[in-house]
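Coordinate inspection notes
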Amino acid sequence: MQTGNWRIAIVVWLLGVSGAPLYGGSEKSGSLDVEPEDLRPGLVAHYRSLADKNAMLYRIEAKPAFHLGHSSPHPRLPPGPFEVLWTGVLNLTDPTPLTFDAYVCGDVTIEVDGVAVLQGRGSSETAQINSKEPLKRPQGLYRLRIRYRSPTDKPSRLQIWWQGPTFTREPLPAWQLKHLAADLTPDVRQDQLAEKGRAAVGRLGCARCHSGAFPTLAESPPGPSLADARRRINRDW
């Protein structure tokens, strides 16, 4: 690896493990009046370990869905129970009322426009919870908060479904989930930069020579370069 490349990768990798608390506070209710260019795909996720208060991270995720078993959701979090809060915007393009349900092992709460549309606990990987009251809102953009807390001794799972008058039950689609440009706080941007550094370290193979500097990098190192292989390799060899 060229010296300049691995130095850049190390610098980006080391930037910003934040220690900010989970998002708090209530948002103003009602449909949001925002410009299309202010919307970004995905939700802002804030993970934190319940075993190590200093272990946390932010990332942008297309949708809240995983089936992790007993493994950690990210190398920066130790094994064990964790909590994650997704915040962003739900784009309602279909008429209501809408009902939500979820396959969940752990605790989950979903709020749309400040209203809890789904709340409950699942005690197994196949457990399913259902909303008690449907969501009734005009079409528009609404604030969304989803909080999940994993069990201490059971596998982690979350998969959210919904249905309405014009469509049958289906998984909550990623293209309806957005976040605002203003939601990208300095802590979120810093962790995004750290994630880019992690990807660069894996792509450039930095851990092959500097494994001690990247103890959480589990990806396999890249194979040998095949550049100019036709000139370097012959049939006799």
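Residues numbered from 1 in each chain as written. Predicted model: local features only at pLDDT ≥ 70, side-chain atom pairs only at ≥ 80, totals over all residues. Heavy atoms only, no water.

**Some points on the overall build of the protein**
- Scanning the protein from terminus to terminus reveals three helices and eleven strands.
- Helices (α) and strands (β) of the protein occur, in sequence order from the N terminus, as α-β-β-β-β-β-β-β-β-β-β-β-α-α.
- Considering the protein as a whole, with its 237 residues, one finds that 40% of them fall into the buried category.
- Taking all contacts inside the protein whose residues are at least 6 apart in sequence as the whole, residues at least 24 apart take part in 72%.
- Looking at the protein as shown, the accessible area adds up to about 13,300 Å², and 51% of this sits on carbon and sulfur atoms. (Helix = DSSP H or I, 4+ residues; strand = E, 2+ residues; numbered from the N terminus. Buried < 20%, exposed > 50% of the residue type's maximum accessible area, 1.4 Å probe, protein only. Contact = heavy atoms within 4.5 Å. Areas by Shrake-Rupley, 256 points an atom, 1.4 Å probe, with all protein chains shown as cover.)

**A short note on the environment of I146**
- Within the secondary structure, I146 is located in strand β8 (residues 140-149).
- On the basis of relative accessibility, which here comes to 1%, the residue I146 falls in the buried class.
- For the pair I146 and E111, spaced 35 residues apart in sequence, the C-alpha to C-alpha distance is 6.4 Å.

**Considering the confidence of the model for the protein**
- Looking at the protein, pLDDT values average 84 and 78% of them are 70 or higher.
- Within the model, the stretch residues 8-26 combines pLDDT values under 50 with 56 contacts to residues more than four positions away or in other chains. (pLDDT = per-residue confidence, 0-100.)

**Focus on the packing of aromatic side chains**
- Taken as a whole and judged by the stated rule, the model has nine aromatic pairs.
- Summarising the aromatic geometry, the rings of Y103 and W161 are spaced 6.1 Å apart at their centres and angled 85 degrees between planes, so their arrangement reads as edge-to-face. Separated by 58 residues along the polypeptide, Y103 in strand β6 (residues 99-112) and W161 in strand β9 (residues 156-164) bring together distant segments of the chain.
- What makes W161 buried here is its relative accessible area of 16%. (Phe/Tyr/Trp six-rings, centres within 6.5 Å; stacked < 30°, edge-to-face > 60°.)

**Topic: unusual backbone geometry**
- In this model, T96 is joined to P97 through a cis peptide bond whose omega is 15 degrees.
- Within the secondary structure layout, P97 lies in the loop between β5 (82-92) and β6.
- In this structure, D113 is a non-glycine residue whose phi angle is positive, near 55 degrees.
- Its location among the elements puts D113 in the loop between β6 and β7 (115-130).

**Re the nonpolar core**
- If you look at the biggest cluster of nonpolar residues, it comprises 33 residues, and the most contacted ones within it are Y47, W86, L90, F100, Y148 and L158.
- Taken together, the elements giving at least two residues each to this core come down to β2 (43-49), β5, β6, β7, β8 and β9.
- Filtering out sequence-adjacent residues up to four positions away, L90 remains in contact with F100, V112, G140, L141, Y142, L144, W162, L172, Q176 and L177. (Core = buried A, V, L, I, M, F, W, Y, C linked by side-chain atoms within 4.5 Å.)

**Considerations on the environment of P151**
- If you trace the backbone, P151 turns up in the loop between β8 and β9.
- Sequence separation of P151 and C105 is 46 residues, and the distance between their C-alpha atoms is 7.1 Å.
- Contact partners of P151, with chain neighbours within four places excluded, come to P81, C105, G106 and S156.

**Remarks on a negative patch on the surface**
- Together, D33, E35, E37 and D38 make up a negatively charged patch on the protein surface.
- Counting through the fold element by element, E37 comes out in the loop between α1 (3-14) and β1 (39-41). (Patch = residues over 30% accessible without salt bridge, like charges linked within 9 Å, V, L, I, M, F, W, Y side chains within 5 Å. Salt bridge = Lys/Arg side-chain N within 4 Å of Asp/Glu carboxyl O. Lys, Arg positive; Asp, Glu negative; His and termini not counted. Charge placed at Lys NZ, Arg CZ, Asp CG, Glu CD.)

**As for the side chain of R143**
- Mapped onto the fold, R143 is located in strand β8.
- By relative accessible area, R143 is classed as buried at 14%.
- Within the structure, the side chain of R143 is placed 3.2 Å from the side chain of D183, a separation counted as a polar contact. (Polar contact = N/O pair within 3.5 Å; in protein donor to acceptor, adjacent residues only side chain to side chain.)

**Looking at the pattern of salt bridges**
- Tallying each qualifying case throughout the model produces nine salt bridges.
- We note a salt bridge from E83 to R48, for which the minimum N-O separation is 2.9 Å. Residue E83 is found in strand β5, and its partner R48 is found in strand β2; the two are separated by 35 residues along the sequence.
- For E83, a relative accessible area of 6% translates into the label buried.
- Judged by relative accessible area, which is 26%, R48 ranks as partly exposed.
- Note that D101 and R169 form a salt bridge whose closest N and O atoms lie 2.8 Å from each other. Placement of the pair is D101 in strand β6 and R169 in strand β10 (residues 167-171), with a sequence separation of 68 residues.
- Accessibility expressed as a relative area gives 3% for D101, which makes it buried.

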